Amino acid sequence: MSATVRRPVHLAGLVLACFLGLLAVTWGGGAVAAWAGQVGKAKARARVLDVGGTRSSGHVTVEFTTRQGRVVRAEEHRRGWPRTVKRGRTIEVVYATDDPAGSVAPFQDVVRSLPVVALFAAGAALSGVVAYRTRRTKA
């Protein structure tokens, strides 16, 4: 490979490796944070009763039955809830057993994000190999 072709490929490999690595760390960190926020909480199926306001300053009202059989209606701020939350839908939520109405949050399945994180990490590694193999060497 000539030096005129090698340099742009090297730079593209570096940029892509950094970008994909950042995505892998960010996405993976978000999955770990979601998992950590759900540890020790109970899970339930909830019916969405109302969705109001904007995505950042609105609210979501859900109704679910706890493991103990208690029907709970909870209103939470919309931040952090998926865009797919619509009135009348059934979604999975997590809640603290000692305060179900005050701690309801959308359930986030961290296992679903693992393939995406692995894909970003593999892309970063492959781009890093390309960058390494096309680096400038001393003559």
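Bear in mind that the values here come from a model prediction, so they are computed numbers and not experimental data. Sequence order as written defines the numbering, with residues in each chain counted from 1. In keeping with the model being predicted, local features are shown solely for residues with a pLDDT of at least 70 and side-chain atom pairs are shown and tallied solely at 80 or more, while totals for entire chains, interfaces and linings include all residues. Values reported for side chains reflect all heavy atoms of the structure, with hydrogen atoms and water molecules removed beforehand.

Further remarks concern the overall build of the chain. Strands here mean DSSP runs of E at least two residues long; helices mean DSSP runs of H or I at least four residues long; both are numbered from the N terminus. Within the chain, the regular secondary structure consists of two helices and five strands. Taken from the N to the C terminus, the helices and strands of the chain come in the order α-β-β-β-β-β-α. C-alpha atoms define the radius of gyration in this analysis, and the globule rule sets the expected value at 2.2 Å times the number of residues to the power 0.38. Against the 2.2 N^0.38 benchmark of 14 Å for 139 residues, the chain shows a C-alpha radius of gyration of 22 Å, more extended than a compact globule. A 1.4 Å probe rolled over the protein chains alone gives each residue an accessible area, and that area as a share of the maximum for its type sets the label: buried under 20%, exposed over 50%, partly exposed in between. The buried share among the 139 residues of the chain stands at 32%.

Bringing the pairing of strand S1 (residues 42–52) into the picture now. The criterion for strand pairing is that DSSP finds at least two bridges linking the strands in question. Relative to strand S4 (residues 90–95), S1 runs antiparallel, the two sharing six bridges. Bridge pairing links Ala42 to Tyr95 in S4. Alignment of S1 against strand S2 (residues 59–65), held across six bridges, turns out to be antiparallel. Looking at the pairing, Gly52 lines up with His59 of S2.

We now examine the packing of aromatic side chains. The criterion for an aromatic pair is that two Phe, Tyr or Trp rings (for Trp, the six-membered ring) have centres within 6.5 Å, with stacked assigned to planes under 30 degrees apart, edge-to-face to planes over 60 apart and tilted to the rest. Under the counting rule described, the total for this entry stands at two aromatic pairs. Between Trp27 and Phe120 the ring centres are 5.6 Å apart and the planes differ by 55°, which places this aromatic pair in the tilted class. In this pair, Trp27 sits in helix H1 (residues 3–38) while Phe120 sits in helix H2 (residues 114–133), placing the two residues 93 residues apart along the sequence. Consider the rings of Phe64 and Tyr95, whose centres lie 5.0 Å apart with planes at 35°: the pair is tilted. With Phe64 in strand S2 and Tyr95 in strand S4, this residue pair connects regions lying 31 residues apart in the sequence. In this scheme, Lys NZ or Arg CZ marks a charge over a ring once it lies within 6 Å of the ring centre and within 35 degrees of the ring normal. Sitting over the face of the ring of Phe107, Lys43 holds its NZ or CZ atom 4.2 Å from the ring centroid.

One number sums up the size of the largest pocket: a volume of about 420 Å³. If one sorts the elements of the lining of the largest pocket by residue count, H1 sits on top with five residues. When residues are grouped by polarity, Ala, Val, Leu, Ile, Met, Phe, Trp, Tyr, Cys and Pro land in nonpolar, Asp, Glu, Lys and Arg in charged, and all others, Gly among them, in polar. Considering only residue class, the lining of the largest pocket consists of five nonpolar, four polar and three charged. Cavity and pocket criteria rest on a 1 Å grid covering protein atoms alone: a 1.4 Å probe that fits but cannot get out defines a cavity, protein on both sides within 12 Å along at least 5 of 7 lines defines an open pocket, and an atom within 4 Å of a point defines a lining residue. Grid points are joined across faces, edges and corners, and a volume is the space filled by probe spheres set on the points.

Grouped burial of nonpolar side chains is what soluble globular proteins tend to show. Buried residues of nine kinds, namely Ala, Val, Leu, Ile, Met, Phe, Trp, Tyr and Cys, make up a nonpolar core once their side-chain atoms join them within 4.5 Å. Ranked by size, the top nonpolar core spans 15 residues in total, and within it Val62, Phe64, Trp81, Ile91 and Val93 carry the most contacts. Whether two residues touch is decided by their heavy atoms; if any such pair falls within 4.5 Å, the residues are in contact. Those residues in contact with Ile91 that sit more than four places away from it in its chain are Ala44, Arg45, Ala46, Val48, Val62, Trp81 and Val85.

As a further point, take the sheet that holds strand S3 (residues 71–77). Sheet architecture is open: five strands sit in the order S3-S2-S1-S4-S5, paired in antiparallel fashion. The sheet is open, and its two borders are formed by S3 and strand S5 (105–106), each paired with just one other strand.

Here the focus is the pattern of salt bridges. What makes a salt bridge here is a side-chain nitrogen of Lys or Arg within 4 Å of a carboxyl oxygen of Asp or Glu, nothing more. Using the criterion set out here, one finds three salt bridges in the structure. Between Arg47 and Glu63 there is a salt bridge, with its nearest N and O atoms 3.1 Å apart. With Arg47 in strand S1 and Glu63 in strand S2, this pair connects stretches of sequence that are 16 residues apart. Connected via shared salt-bridge partners are Arg47, Glu63 and Arg73.

Residue classification places Phe120 among the buried residues on the basis of a relative accessible area of 17%. Sequence separation of Phe120 and Leu22 is 98 residues, and the distance between their C-alpha atoms is 8.7 Å.

What follows covers H2. Between its first and last C-alpha atoms H2 spans 28 Å; for 20 residues at 1.5 Å apiece the expected length is 28 Å, and the two agree. Taken together, the buried positions of H2 are Val117, Phe120, Gly123, Ala124, Ser127 and Ala131. Along the long axis of H2, the arc covered by the buried residues comes to 125°, so they all point the same way. Projecting away from the buried face of H2 at angles above 90 degrees are the exposed residues Leu114, Pro115, Leu119, Leu126, Tyr132 and Arg133. Multiplying 1.5 Å by the helix residue count minus one yields the expected span of that helix. Along the arc lie the directions from the helix axis toward the C-beta atoms.

Keep in mind these values describe shape, not function.
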